[in-house]
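# Structural overview
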Amino acid sequence: MLLEAVRVLDLADGDADAVTRLLADLGADVLKVEPPGGSPARGSAPLLAEVSVPFALHNANKRSVVLDPAVDRDRRRFEELVSTADIVVDGGRPGRAADFGTTCAQLADRFAHLVTMSVTDFGVDGPRSHWRATDSVLYALSGALSRSGPTTGTPVLPPEGIASATAAVQACWAVLVAYYNRLRCGVGDYIDFARFDAVASALDPIFGAHGQVAAAQRVSSRWRGRPRNQDAYPIYACRDGYVRLCVMSPRQWRALWSWLGEPAEYADPKFGVIGERFAVWPQISVLVRELFAGHDMADLVDAGQSRGVPIAAVGDPAKVLTEEHFAAAGAVATVEVAQGLPAVIPTGYYVVDEQRVGFRTPAPGPGSADTGWLADALPASGADGTAGVLPFEGLRIIDLGVIVAGGEASRLFGDLGAEIIKVESPDYPDGLRQARPGSAMSESFAWTHRNNLGFGLDLRSPEGKEIFARLVGTADATFANFKPGTLGALGFPYDVLRDLNPRIVLAESSAFGETGPWSDRMGYGPLVRAGTGVTRLWTAPGETEDPDRHPFYDATTVFPDHVVGRIVAIGALAALIAGRRTATGRHVHVSQAEAAVNQLDTSYVARAAGSAIRPDTAVDLVCPCAGDDEWCVISIRTDHDMRAVATAFGDRELAADPRFGTGPARGAQRTELAAALGRHTGERTPTEVSELLQANGVAAAPMNRPPDVADDPQLAYRARYAAMVHPLIEHPLPAETGPAPFRNIPAAPQRPAPLPGQHTRQICRDVLGLDAEQIDRLIADSVLFAAD
C-alpha cells in the first residue's frame, strides 16, 4: 500500500470523515477516536437498517478507539497517540480535540513533527467563521448555483454531496502535501482548512479552467446575468430516455454529419469549428432530434461510438451501481456495510499497478481496535529542518495532460515548486489553448498552466520518441489523461517507462477507466456526468418552462474535471511518498466516471437500496430575494431549524403550520414551504436573509455571481486569491494562492503559462544536454518546435 507507513489520528465527525477515508484507502493506518457511546455521525441519515450510510462509507478501512476525556488513563492514551502520529485531522467547531483541552493549532505547537488539520465550514476566524454551511450553502456562495438552471426563474441546486466530497478531496491533498513537506524538512504544520475555500477553488471555480468550449468564448467581466448557453453539450430525447452529444473536434463533427445523412447545407468544412457550428446548432438540432427519436439509448450509443461520435446515455442514478461496466472494472462491490447488512457500494477512486485500491474492511464498531499503531513511521529522509520552502522543489514532472483534468493535476504540483515540463505537439495542441478571436491565450490556459515550462515535441516521430525517452529518464513522474492505450500506441506503456526509469510514477486519468465495457469509449466530462447518472440528478423540482426542452441543467459545469485533477494528484503524491521507502515507481489510474460515482456515494447507495432506506428529511430551498433576479439558499435540517426560521422572520403562523412541523412533512410540501418563506425573503436582500438566519443558527447564504465571489469577505480575509498577471492577457486574473493556509509552506508562485514550445531550447540545453547545433537540426526536422 502506498501510505502504509503513515499514522493518522482521526478526530473527525461527519463531513471530515471522508478526508481520512481517502488516506485509509491508500494504505494509511487511520485510528478514529470516538467518545463513549460512539461518534454522533453514526446516527446520520440516510439510514439502512439503523446503520448510517455516510458513516459506513466514509469510515471504511479505519480502526476505532473509544477515549473518555473525563478519564485520566484515556487522556494519557490520547497524548501518546498524538505524540506518535504523523497526521491529526479534526472536524467542526470546536472539534474533538477540544474535549481533551486542546486544539489542532496547539498540538502542532507542541509536537514539531506533527501535521494537524482542523476542518470547518469557513475557517477558524474571519467575518463569516461562525456561519454554518451545507452543500447547498456552499453551492450558493461559490458561484456554482448562479450557473445552474434556466436563464430566468429559479436557479437549480447541483446534487447534494458533490460539494462535501470535493472539499474532502482538497483537504486530503492539503494534508498530504504538508506530510510530504515534513518528510523533506522534518517540520510539521497546522492547516486551518475551510470547506468553503475548497469548494470555491476546486468544484467549478470562477477563477479557473472552464473547459474547452468556454475557453474560446469566456471573457472576464462583472457579468451578473445567468448562464447564456445551457446546452453547450446537447441532450436529446429518444425512445426510452435521453442521450447526450459532446462533439468537439472537426473529425467528430464530420462523423456526426455523416450520421445525419450528410446534409448539403452543413458540408462546408467551416462547421468543424465550434463557434461556426454553435451559430447554426438550432437548425442542426432539428435533424438530430428526428434521427434519435425512434431509437433506444443503447442503440444510439453503440451507433455513435462506432462512428466516432462522442455520445452517452443519460443514466439512472438508482441503477448506476449495478451497471455491467462498473462491476467488470471492480469499481463496485457487494459488501457488508455492517454485520449482516449487505449493500452495493463504490470501492474507491484508485487503481494502482493494475490492482483496485480502496474498500478493504467495513467501518469499525466503536472501540473495536487494538490502539497500537500497525506500522513504523517513515523517517524524514535527509530532513534539513528548513521550513518555508516550496515542498516539491527538485521534483520534475512530464505533463502530457490536456484540457481541465490533466492540466489541473500538474498545476497543483507546479504551484508547490515542482518543475512541470508541458509536452505539446504542433498538430495536437491542448484544447484549452483555443482562445477568443484576437486573443493570444485563453484565460483558462493561463490559470491552468501557470508555473509550467512549454516543450514542443512530435512524439510520433522516431527521434521524438528518443527525446521523450531521455526526458523520462530525468523525471520523477509523468502525468497523462489520454484514452486508455494511447500511451502504449505511442510506444510508452508503463512497463517501458519503468524500464527507462525504475523510479518513475505514471499518474493517469481517463473518462471510463482502463477496464470494463465502456473503457474504449470516447469521453468528456459531460458524457461522464450523463453516463454515471449525475445529469439526471441535476434537475429542477417541477416542470421546465420550455416543454420542448429536456429537464437537465448540468451543461454549464465542468464537474468532475477539477476534482479528478486533485484525485490524480493525491494518488501521484502517495506514490512518490511510497517511492521514498521502496525506491520504485508506481502506475496510478483514476477513472472520471468512478470519481463521479464515489463523489455521490451516499446518494447512489441509498437510491440502490430503495425502500429499505430511511431517508434524510432535510430540505434545501432556493428562495427569491429583493432585487433583480436575486436569490438565497435556506437549509432546514431539523425541526429546531424550522422553528428558528419562523422565529427569525417573526412568523407565528409559520411556526404553528402542521404542513411544515416535521421533516417528512416539509419534504412533501417543499413547494408550499418555499412559497411561504419567499414572502419573507422577497422583502430582503440575499445578504440580509443570510445574516438574519445565520444569526439564528440556520444555514443560509446569498447566491453569489462571479463578481460576488471575487469580493466575498471571507475569501478576502483568508487571502484565497492573488492577482496573477500574464503578458498576453490585458487584465490581472485572480488566482488561487494554494490548496489551504499553511504555516510552513509559502503561497504559490505565479510564473506565466507558456506559449507552445516557449522553453524547448532551454529544456534541451539544461535537461537533455543538447548543444545549439543539435537543437537547431531537430527543430528544422520538425522533431521539436519552439516559440518565436
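Placed above this text is the structure.
Residues numbered from 1 in each chain as written. Predicted model: local features only at pLDDT ≥ 70, side-chain atom pairs only at ≥ 80, totals over all residues. Heavy atoms only, no water.

Moving on to the overall build of the protein. Helix and strand counts for the protein come out as 32 helices and 28 strands. Against the 2.2 N^0.38 benchmark of 28 Å for 788 residues, the protein shows a C-alpha radius of gyration of 26 Å, consistent with a compact globule. If one aligns the C-alpha atoms of the protein with their principal axes, the spans along those axes are about 80 × 65 × 50 Å. The burial tally for the protein puts 60% of its 788 residues in the buried class. (Helix = DSSP H or I, 4+ residues; strand = E, 2+ residues; numbered from the N terminus. Rg over C-alpha atoms; globule rule 2.2 N^0.38 Å. Buried < 20%, exposed > 50% of the residue type's maximum accessible area, 1.4 Å probe, protein only.)

Before going further, it helps to examine the side chain of Ser64. As for its placement among the helices and strands, Ser64 is situated in strand β5 (residues 63-66). Looking at Ser64, its side chain comes within polar contact range of the side chain of Glu34, at 2.6 Å. Within polar-contact distance, the side chain of Ser64 engages the backbone nitrogen of Gly367 at 2.8 Å. (Polar contact = N/O pair within 3.5 Å; in protein donor to acceptor, adjacent residues only side chain to side chain.)

What follows deals with the side chain of Asn59. By the element assignment, Asn59 lies in the loop between α2 (53-58) and β5. Within the local environment of Asn59, its side chain forms a polar contact with the side chain of Asp17, the two groups lying 3.1 Å apart. In terms of polar contacts, Asn59 uses its side chain to reach the backbone carbonyl oxygen of Phe55, at 3.0 Å. Setting aside its immediate chain neighbours within four residues, Asn59 contacts Asp10, Asp17, Lys32, Ala363 and Pro364. (Contact = heavy atoms within 4.5 Å.)

Relative to the 16 Å expected for twelve residues at 1.5 Å per residue, helix α27 (residues 670-681) spans 16 Å between its end C-alpha atoms, a close match to the ideal helical length. Where α27 is concerned, the buried positions are Leu673, Ala674, Ala676, Leu677, Gly678, His680 and Thr681. On its buried face, α27 is in contact with β23 (619-625), β24 (630-636), α24 (639-649), α25 (652-656), α26 (663-668) and α28 (686-695). (Expected span 1.5 Å × (residues − 1).)

Taken in spatial order, the three strands make up an open sheet running β4-β3-β22, and their pairing is antiparallel. Of all the strands in the sheet, the pair left with one neighbour each is β4 (51-52) and β22 (613-614). (Pairing = 2+ DSSP bridges.)

This part takes up the packing of aromatic side chains. Taken as a whole and assessed by the stated rule, the structure comprises 18 aromatic pairs. Aromatic side chains Tyr180 and Phe392 sit 5.2 Å apart centroid to centroid with 70 degrees between the ring planes, which places their arrangement in the edge-to-face category. With Tyr180 in helix α6 (residues 162-185) and Phe392 in the loop between β15 (355-357) and β16 (396-399), this pair connects stretches of sequence that are 212 residues apart. Across the pair, exposure class does not vary: Tyr180 and Phe392 are buried alike. (Phe/Tyr/Trp six-rings, centres within 6.5 Å; stacked < 30°, edge-to-face > 60°.)

Here we take up the sheet that holds strand β10 (residues 241-245). Read across the sheet, three strands follow the order β9-β10-β11 without closing on themselves; strand pairing throughout is antiparallel. Each edge of the open sheet carries a strand with a single partner, namely β9 (235-238) and β11 (311-313). Looking at each pair of strands side by side, their axes are set apart by 30 degrees on average, direction ignored. Both β10 and β11 contribute to a ladder of three bridges, which runs antiparallel. What sits directly across from Arg244, in β11, is Ala312. Across the sheet, helix α11 (residues 281-292) touches β9, β10 and β11, and the angle it forms with β9 is around 25 degrees. (Axes fitted to C-alpha atoms, helices over the stretch in contact; angles between N-to-C directions.)

Once that is clear, we can look at the packing of helix α14 (residues 403-414) against helix α21 (residues 561-582). In contact at an axis separation of 7 Å, α14 and α21 are set at 45 degrees when each is read in the N-to-C sense. Viewed along their axes, α14 and α21 adopt a mutual orientation that is oblique. Regarding α14 and α21, the two cross each other, and that crossing is right-handed. Contact residues: Val404, Ala405, Glu408, Ala409, Arg411, Leu412 and Phe413 in α14; Asp561, His562, Val564, Gly565, Arg566, Val568, Ala569, Ala572, Leu573 and Leu576 in α21. Of the residues contributing to the contact of α14 with α21, the split by class is eleven nonpolar, two polar and four charged. (Parallel < 35°, antiparallel > 145°, perpendicular 65-115°, else oblique. Left-handed = near helix turned anticlockwise from the far one by under 90°. Nonpolar A, V, L, I, M, F, W, Y, C, P; charged D, E, K, R; others polar.)

Attention shifts here to helix α3 (residues 72-84). With 13 residues, α3 should cover 18 Å at 1.5 Å per step; its first-to-last C-alpha distance of 19 Å lies within 8% of that length. On its buried face, α3 is in contact with β1 (7-11), β2 (29-34), β5 and α4 (104-110).

Right, let's get into empty space enclosed by the protein. Per the stated rule, a full pass over the model turns up five cavities of 30 Å³ or more. In this structure, the largest cavity encloses a volume near 110 Å³. Lining the largest cavity are 15 residues, and of these Phe207, Gly208, Glu408, Arg411 and Glu736 lie nearest its centre. When contributions to the lining of the largest cavity are tallied by element, the ones reaching two or more residues are α14, α15 (443-448), α21 and β27 (733-736). Within this model, the second largest cavity holds a volume of roughly 40 Å³. Elements with a contribution of two residues or more to the lining of the second largest cavity: α14, β19 (477-480), β20 (505-510) and α21. Ranked by the residues each element gives to the lining of the second largest cavity, the list is headed by α14, at three residues. Of the residues belonging to the lining of the second largest cavity, the class tally is six nonpolar, four polar and no charged. (1 Å grid on protein atoms, 1.4 Å probe; cavity = no way out; pocket = protein on both sides within 12 Å on 5 of 7 lines; lining within 4 Å. Points joined across faces, edges and corners; volume = space filled by probe spheres on them.)

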